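# Fold and contact review
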Amino acid sequence: MTEVVDRPAGKGQRPAASSTVPATTQPVVDVEALGRQLLGKWAAVRVQARDLAARPELHKIEGLTHTEHRTRVFGQLKYLVENEAVHRAFPTALGGSDDHGGNIAGFEELVVADPSLQIKAGVQWGLFGSAVMHLGTAKHHAKWLPGIMNLDIPGCFAMTETGHGSDVASIATTATYDLSTEEFVVHTPFRAAWKDYIGNAAIDGLGAVVFAQLITRGVKHGVHAFYVDLRDPETKEFLPGIGGEDDGAKGGLNGIDNGRLHFTNVRIPRTNLLNRYGDVAPDGTYTSPIASPGRRFFTMLGTLVQGRVSLDGAAVAASKVALQAAVRYATERRQFNASSHTDEEVLLDYQRHQRRLFTRLATTYAAGFAHEQLLQKFDDVFSGAHDTDADRQDLETLAAALKALSTWHALDTLQECREACGGAGFLIENRFASLRADLDVYATFEGDNTVLLQLVAKRLLADYAKEFRNVDFGVLARYVVGQATGAAIHRTGLRQVAQFMADTGSVQKAAIALRDEEGQRALLTDRVQTMVAEAAAALKGSNRLSQEQGAALFNRHQNELIDAAQAHAELLQWEAFTDALREVEDSGTRIVLTWLRDLFGLSLIEKNLSWYLMNGRLSMQRGRTVGEYINRLLVKIRPHALDLVDAFGYSGDHVRAAIATGAEKQRQDEARAYFRSQRASGGAPVDEKFLLARTVPGKRN
């Protein structure tokens, strides 16, 4: 059994716990320095946001009805306004600070207070307000943004329809220009065109940015955004022609008043068209600075990518909170006395428990580092520092890839932490079940994860086609990847990544050193490129088929394409983790984080071991060693588990789990002291098993 071993307390760290590695040889994690690194570029903003998130005024109160919860969360929005927590991304001329990256960094931290608060704030300022800011022009900003910023105008982002979620281009609500009155007529022609699942629609929304097909002079110009007043500010009743329903109680996020909206020939002024990317003159003439309808559509939607960026960060934050609680509990909770007649084992000393938690801890670190790079990319684009078409395409693809992985990972981590804490994990007081219910929808809103990965796959195919347009596939089948640098995180496609090699054994040679950085990179990157190359070969010539035949061919390979996109996103996370290692100055911290990075990389290889074996990238013998390497890493990481979760920087007021307060340790210590005292007194009863052992021939007494 593992006991705590005293060692020199380097830089304020706790003693390590290990029975297999002498204390004097243990590296020491500089928790404070690691914590600063994890806070990232916008550390001051995160600290300020966490200060707010620790306040009980913003905490979720379990057991409220959905009506009570909604009332509380709307009041919390006012609290955010009063504490100047929501204005960072807005123009300085209106009281903001034009800090786009900092705005997201602060916003995503609200998830630890109450996910409903985070998402409702996101609806108000990250979607509704951002749509006015990014799709509108100066006159729109002056007219509506002050009221949006101070919550005088609670609003909705009315894009999704009952009949169309991820396929925004096919929404059916129309906005038809009436030349005689210089008005748009907003109309939902059938039930499937109702706006659905819309935050603030059921109760609070006074205005909405409504996405509709713009029609003028008999021509449909695609999806555009329109500002529509919904309710009378005094009576809170719907205005004429507008109706709706309450979505009611949901599986989670019940502090948000999601609802449905429909419009029956609702007239709005021509100037309510948010016209940054498309305008209609009084005579009905349509103009746009972007000639291509397709490019115009994706440009408009691309300005709203911050929703996906913030969900990526919030999912990582929720994973950190869950792991902080579960790992601490696992260092205190004892169960079964396999290695001692008197003392039970600490849960975290069991190999399987380490596998359950440490692999997810490694993924959380990788996702966190990748998110920080995504946030930098987002800020570069929206600040104008790097805002080319290519930059925006890279941002869109990167956000889609990482949001999908991190939200799925958060759900998996919350569930595994819940199970790892047994019955205690199921209690609402320990938050796992509640957080998982609230985050469940993260996997499908702001883009269904599977659809987002398909978007990533199409980008990979497009970049592949550009790079290898004139190359024979027989050559492609033999290539292995060049050693990609960390720049891959910024160049999300295949451009500037691949190189051709005559020696097809290079990847196998690299695999000899599975724990070597270059070996892991070669295996992970080669898998992505091979999968994309095979898909491209299968789809070659599809553009010459009929639309029906081309769609059928794509559908037959959809699963492989999505798998390739996921592998690509995992590679980006691994690259981000590797980049972060270069920034670690403390040697002990770098050693431990390298073990954690290796655990992440080897876990990905183990998860996809069948692919590596079937494609000849690993031999059977080498494949068997992957699990062995992982088990060795678990032993190395074990003494540093608490340091690694403490570096996340969340206090008890953030975690708010009863099992993470030290109460379990007190209970266990009390129990152990009781039995020690009983044994020392000589009055302890004799276990029947020992009596039987003395009477069975051949048994040692």
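Residues numbered from 1 in each chain as written. Predicted model: local features only at pLDDT ≥ 70, side-chain atom pairs only at ≥ 80, totals over all residues. Heavy atoms only, no water.

In the annotation of an unreviewed UniProt entry, the entry for the protein chain reads acyl-CoA oxidase, and the organism field reads Pseudarthrobacter phenanthrenivorans. One UniProt comment on the protein chain, placed under Sequence similarities (unreviewed entry), says "Belongs to the acyl-CoA oxidase family." Its UniProt record gives the protein chain the following Cofactor (unreviewed entry) comment, quoted word for word: "FAD". (UniProt positions renumbered as here; feature names shortened; annotations may be inferred.)

### Details of the overall build of the protein chain
Along the protein chain, the regular secondary structure elements total 25 helices and 11 strands. For the protein chain, the residues scored as buried account for 57% of the 701 residues in total. Pairs at least 24 apart in sequence give 73% of the contacts found in the protein chain among residues at least 6 apart. For the protein chain, the exposed area adds up to about 29200 Å²; of that, 53% sits on carbon and sulfur atoms. (Helix = DSSP H or I, 4+ residues; strand = E, 2+ residues; numbered from the N terminus. Buried < 20%, exposed > 50% of the residue type's maximum accessible area, 1.4 Å probe, protein only. Contact = heavy atoms within 4.5 Å. Areas by Shrake-Rupley, 256 points an atom, 1.4 Å probe, with all protein chains shown as cover.)

### A look at the packing of helix 2 (residues 43-53) against helix 4 (residues 100-108)
Packing of helix 2 against helix 4 leaves a shortest axis separation of 8 Å and a crossing angle of 30 degrees. Compared by their axis directions, helix 2 and helix 4 come out roughly parallel. Here helix 2 runs over helix 4; the crossing is right-handed. Mapping the contact onto sequence places Val45, Arg46 and Ala49 in helix 2 and Gly102, Ala105, Gly106 and Glu108 in helix 4. (Axes fitted to C-alpha atoms, helices over the stretch in contact; angles between N-to-C directions. Parallel < 35°, antiparallel > 145°, perpendicular 65-115°, else oblique. Left-handed = near helix turned anticlockwise from the far one by under 90°.)

### A few points about the environment of Lys320
For Lys320, the location among the structural elements is in helix 8 (residues 306-332). In this structure the C-alpha to C-alpha distance between Lys320 and Phe648, which are 328 residues apart in sequence, comes to 6.7 Å. Those residues in contact with Lys320, other than ones at most four positions away along the chain, are Thr364, Phe648 and Tyr650.

### Things to note about the packing of helix 4 against helix 5 (residues 115-135)
At a minimum axis separation of 10 Å, helix 4 and helix 5 run at an interaxial angle of 160 degrees. Classified by the angle between their axes, helix 4 and helix 5 sit roughly antiparallel to one another. Crossing angle aside, the handedness with which helix 4 passes helix 5 is left-handed. Residues His100, Phe107 and Glu108 of helix 4 lie in contact with helix 5, whose contacting residues are Gln118, Ala121, Gly122 and His134. Here the residues of the contact of helix 4 with helix 5 sort into two nonpolar, four polar and one charged. (Nonpolar A, V, L, I, M, F, W, Y, C, P; charged D, E, K, R; others polar.)

### Digging into a nonpolar patch on the surface
A cluster of nonpolar side chains, Val686, Phe690 and Leu691, forms an exposed patch at the surface whose accessible area comes to about 280 Å². In this fold, Phe690 is placed in helix 25 (residues 688-695). (Patch = residues over 30% accessible without salt bridge, like charges linked within 9 Å, V, L, I, M, F, W, Y side chains within 5 Å. Salt bridge = Lys/Arg side-chain N within 4 Å of Asp/Glu carboxyl O.)

### Side note on the sheet that holds strand 4 (residues 195-198)
Read across the open sheet, the three strands follow the order 4-8-7; overall the sheet is antiparallel. Taken across any chain shown, the strands that pair with only one partner, and hence form the sheet edges, are strand 4 and strand 7 (242-246). Going across the sheet, the axis of each strand differs from the next one's by a mean of 20 degrees, ignoring polarity. When strand 4 meets strand 8 (residues 259-263), the two strands line up antiparallel, connected through two bridges. Note on strand 8: the bridge partner recorded for Lys195 is Leu261. (Pairing = 2+ DSSP bridges.)

### A word on the side chain of Arg355
Its location among the elements puts Arg355 in helix 9 (residues 351-383). Within polar-contact distance, the side chain of Arg355 engages the backbone oxygen of Gly627 at 3.5 Å. (Polar contact = N/O pair within 3.5 Å; in protein donor to acceptor, adjacent residues only side chain to side chain.)

### Structural notes on the pattern of salt bridges
What the rule picks out here adds up to 44 salt bridges. For the salt bridge of Asp247 with Arg260, the shortest nitrogen-to-oxygen distance reads 3.2 Å. Residue Asp247 is found in the loop between strand 7 and strand 8, and its partner Arg260 is found in strand 8; the two are separated by 13 residues along the sequence. Neither residue differs from the other here; Asp247 and Arg260 are each classed as buried.

### Notes on the pairing of strand 6 (residues 219-229)
In the sheet, strand 5 (residues 207-216) pairs with strand 6 via nine bridges, with the strands oriented antiparallel. In the strand pairing of strand 6, Val209 is matched with Tyr227. Linking strand 5 back to strand 6 in an antiparallel pair, the connection comprises two residues, with Arg217 at a positive phi of about 55 degrees.

### Things to note about the nonpolar core
Ranked by internal contacts, the top residues of the largest apolar core, which has 170 residues, are Leu80, Trp125, Phe211, Leu357, Tyr365 and Leu596. Broken down by element, this core gets its largest block of residues, 14 residues, from helix 8. Domain assignment of the residues forming this core places at least three in each of domain 1 (33-303) and domain 2 (307-470 + 512-681). Core analysis: the second largest hydrophobic core is formed by 23 residues, Ala158, Ala175, Ala208 and Ala212 among them. (Core = buried A, V, L, I, M, F, W, Y, C linked by side-chain atoms within 4.5 Å. Domains from an automatic or database assignment.)

### Brief notes about the packing of aromatic side chains
Evaluated as defined, the whole model comprises 14 aromatic pairs. Here Phe297 and Phe298 contribute two aromatic rings whose centre-to-centre distance is 5.1 Å and whose plane-to-plane angle is 75 degrees, an arrangement assigned as edge-to-face. Taking relative accessible area as the criterion, Phe297 reaches 13% and is therefore assigned buried. Judged by centre distance (5.6 Å) and plane angle (25 degrees), the ring pair of Tyr442 and Phe445 falls under stacked. The class of Tyr442 is buried, set by a relative accessible area of 1%. The partly exposed category is assigned to Phe445, whose relative accessible area is 23%. The cationic tip of Arg50 hangs over the ring face of Tyr650; the distance from NZ or CZ to the ring centre is 4.0 Å. (Phe/Tyr/Trp six-rings, centres within 6.5 Å; stacked < 30°, edge-to-face > 60°. Lys NZ or Arg CZ within 6 Å of the ring centre and 35° of its normal.)

### Some remarks on helix 8
With 27 residues, helix 8 ought to run about 39 Å at 1.5 Å a step, and its terminal C-alpha atoms sit 40 Å apart, in line with that. For helix 8, the buried fraction is high: 25 of the 27 residues fall into the buried class. (Expected span 1.5 Å × (residues − 1).)

### Examining the confidence of the model for the protein chain
For the protein chain, per-residue confidence averages 88 on the pLDDT scale, and 88% of positions sit at 70 or higher. Predicted confidence for residues 1-23 stays below pLDDT 50, and this span has 53 contacts to residues more than four positions away or in other chains. Counted against residues more than four places away or in other chains, residues 471-511, with its pLDDT under 50, gives 95 contacts. (pLDDT = per-residue confidence, 0-100.)

### Thoughts on helix 12 (residues 432-439)
All of the buried residues along helix 12 are Phe432, Ser434, Leu435, Asp438 and Leu439. Down the axis of helix 12, the buried side of the element spans an arc of 165 degrees, and every buried residue falls inside it. (Arc of directions from axis to C-beta.)

### Thoughts on unusual backbone geometry
Its identity is not glycine, yet Glu182 carries a phi of approximately 55 degrees, on the positive side. Relative to the elements of secondary structure, Glu182 occurs in the loop between strand 2 (174-178) and strand 3 (183-187). For Glu182, a relative accessible area of 39% corresponds to the partly exposed category.

### Details of the side chain of His409
Here His409 lies in helix 10 (residues 389-420). In terms of polar contacts, His409 uses its side chain to reach the side chain of Thr364, at 2.8 Å. Setting aside residues up to four positions removed in sequence, His409 forms contacts with Ser319, Arg360, Thr363 and Thr364.

### Focus on the environment of Leu357
With respect to the secondary-structure elements, Leu357 resides in helix 9. Other than its neighbours up to four places away in sequence, Leu357 contacts Leu323, Ala326, Val327, Ala330, Leu348, Cys417 and Ala420.

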